[in-house]
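# Tertiary structure, described
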Amino acid sequence: MGLYATLIDAKIKCPNCGQNIITDWQFNFGSVSQLPTYEIGDDIEWGAQSYGEPTSEILYAVAYPSSERLCSNCNIKNMLALVKIIDNKIKGLEFYKFSKWVKETILIGLDRKAKYYKETKYKEKV
Ligand SMILES: [Zn+2]
């Protein structure tokens, strides 16, 4: 997956049994060069190596669990989540789908249009 950002200690309900899962989630949006860590409520950082660009739009970054072991109750695996970002601020985490990997890195807008971003050099807008 290369460089990534991490949402740490984020809580999500197990989609299989309903138990709370707390783990770290890696995603590709905003700066990745310093492996930034975030909590819900933080603003997305931008830097030399970034995915996407700042937008006031609502978007969802596809997130991969940092731990193989997710739910201590039912042992589900290969679960992906979405980091919800509004106006460049992390608002929450929700279930996406059961999969090991998906091509898309971002879903944009309320209709969740899937987009794939490559890591690019971020240029400050003057
Ligand atoms: Zn479970």
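Sequence order as written defines the numbering, with residues in each chain counted from 1. Local features in this predicted model are restricted to residues of pLDDT 70 or higher, and side-chain atom pairs are both shown and tallied only at a pLDDT of 80 or more, whereas totals for entire chains, interfaces and linings draw on every residue.

## Topic: the pairing of strand 7 (residues 79-86)
Working note: regular strand, side chains alternate between the two faces of the sheet. The pairing criterion for strands is at least two bridges between them, as found by DSSP. Numbering goes from the N terminus for both helices and strands, where a helix is a DSSP run of H or I of at least four residues and a strand is a run of E of at least two. As paired strands, strand 6 (residues 58-65) and strand 7 are joined by 6 bridges and run antiparallel to one another. For Leu59, the partnering residue across the bridge sits in strand 7 and is Ile85. Sheet topology note: the strand 7/strand 8 (residues 89-98) ladder contains 8 bridges and is antiparallel. Directly across from Leu80, in strand 8, lies its bridge partner Lys97. Here strand 7 hands over to strand 8 after 2 residues, with Asp87 in that stretch at a positive phi of 50°.

## Concerning unusual backbone geometry
Note: most peptide bonds trans; most residues except glycine with negative phi. A positive phi angle is found at Leu35, which is not glycine, with a value near 45°. Within the secondary structure, Leu35 sits in the loop between strand 3 (30-31) and strand 4 (37-38). Field definition: a residue is buried when 20 or more other C-beta atoms are found within 10 Å of its C-beta, exposed when 12 or fewer are, and partly exposed for counts in between, with C-beta atoms placed from the backbone. Classification of Leu35 by C-beta neighbours within 10 Å gives exposed; the count is 11. A positive phi is found at Asp87, a non-glycine position, where the angle reads about 50°. Along the polypeptide, Asp87 turns up in the loop between strand 7 and strand 8.

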